[in-house]
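What follows is the residue order along each chain.
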Amino acid sequence: MSKTPAVSHTRVDEGSAGQRIDNFLVRVCKGVPKSHIYRILRSGEVRVNSRRVDQTYRLQMGDEVRIPPIRLAEKEAAAPVPVGKPFDIVFEDEALLVLDKPAGLAVHGGSGVSFGVIEQLRRQRPEAKFLELVHRLDRETSGLLIVAKKRSALTVLHDMMRDGRVQKRYLTMVAGRWLNTLQHIKQPLLKYLIDNGERRVSVNPEGKPAHSIVRLVKRWQGYSLVEVELKTGRTHQIRVHLTHAGFPLCGDDKYGDFALNKQLEKEGLKRMFLHAARLAFHHPLTDQLIELASPLPAELEGFVAYVEQSREREYG
């Protein structure tokens, strides 16, 4: 079975204004291979205001986009995304929102995950014309996550992220006695795939530059609570930088101390101890300074209390 949609004409609204035509088509023509998208652009089958455009054309408000019929194989209906519990919204205005993501939930579907935060948020807000992730958090990481409600805000926030103008601070507990009250880690990080196709990251001179600033918060016998400020936003940056320095994150199932993790699970830590605790940035449209904080979730706060009671505290 196959289906052949008719020619469609789409009027560009505020949510799509400023987006490149190729990215717009990838989003609108769900399931169509990118190679086919670029072929219909090159052939002139896609028209904007009755004219041919190349793949770099940026859509303007009010543009009319002609999309030719595209034959797609009939797909098995995907299971509907559950609405889920409403997210804890920490900040919101007409341009963006910041939510407190729970651990264990991916930020988006893909790689074996059928849905994530952004899909659920869209289900919870069917009236929203535009909701897009500004950045990502690992599935097991909890804390502050920015979502754009306007493309104009998304574009500026992406530029700010790339330029290091969004301050992101995380709290994590590591195995070991962290000594320095302030330490910069500048180690390049390289992405690679392991045999089963899973993504991994390692410190490698051929990798991309990565910079983390680590501040000691508390220290006990065998454990340290540290705050990590990201100056770059590489995949798994905190986890790989700290493990490479000899301080694996408690509960980290990819890069951590696996024997220790089993022991910690018996002691009450059933997830990776990593929480996006603070954000500071200037509003992308008004330039107003926004400073946000999220307290440690109950399960992490409880584990800190357990360590505090069961191990001798070190000072200085």
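Residues numbered from 1 in each chain as written. Predicted model: local features only at pLDDT ≥ 70, side-chain atom pairs only at ≥ 80, totals over all residues. Heavy atoms only, no water.

**Q** Quick question: what am I supposed to make of a positive patch on the surface here?
**A** Taken together, the side chains of Arg-136, Lys-191, Arg-199, Lys-208 and Arg-234 make up a positively charged region of the molecular surface. Here Arg-234 is to be found in the loop between β16 (223-230) and α5 (237-244). (Patch = residues over 30% accessible without salt bridge, like charges linked within 9 Å, V, L, I, M, F, W, Y side chains within 5 Å. Areas by Shrake-Rupley, 256 points an atom, 1.4 Å probe, with all protein chains shown as cover. Salt bridge = Lys/Arg side-chain N within 4 Å of Asp/Glu carboxyl O. Lys, Arg positive; Asp, Glu negative; His and termini not counted. Charge placed at Lys NZ, Arg CZ, Asp CG, Glu CD. Helix = DSSP H or I, 4+ residues; strand = E, 2+ residues; numbered from the N terminus.)

**Q** How do you make sense of the environment of Gly-44 when you look at a structure like this?
**A** As for its position among the elements, Gly-44 is in the loop between α2 (34-42) and β3 (47-48). Note: C-alpha distance between Gly-44 and Asp-54 (ten residues apart in sequence) is 8.5 Å.

**Q** Please explain the pattern of salt bridges as it appears in this structure.
**A** In total, this model carries 20 salt bridges according to the counting rule given. Measuring nitrogen to oxygen at the nearest pair gives 3.3 Å for the salt bridge that ties Arg-122 to Glu-132. On the criterion of sequence distance, the pair formed by Arg-122 in helix α3 (residues 117-124) and Glu-132 in strand β9 (residues 132-133) is long-range, its members being ten residues apart. For Arg-122, a relative accessible area of 35% translates into the label partly exposed. Here Glu-132 falls in the partly exposed class, since its relative accessible area comes to 22%. (Buried < 20%, exposed > 50% of the residue type's maximum accessible area, 1.4 Å probe, protein only.)

**Q** Sorry if this is basic, but what is going on with the nonpolar core here?
**A** By size, the foremost hydrophobic cluster in this structure holds 28 residues, and its most contacted members are Leu-99, Val-147, Ile-238 and Leu-242. Those elements giving two or more residues to this core turn out to be β8 (96-101), α3, β10 (142-148), β11 (167-175), β16, α5 and β17 (274-282). For Leu-242, the contacting residues outside a window of four places in its chain are Thr-172, Val-174, Trp-178, Ile-185, Val-214, Val-226, Val-228, Phe-247, Pro-248 and Leu-249. (Core = buried A, V, L, I, M, F, W, Y, C linked by side-chain atoms within 4.5 Å. Contact = heavy atoms within 4.5 Å.)

Everything listed is a geometric property; what it means functionally is a separate question.
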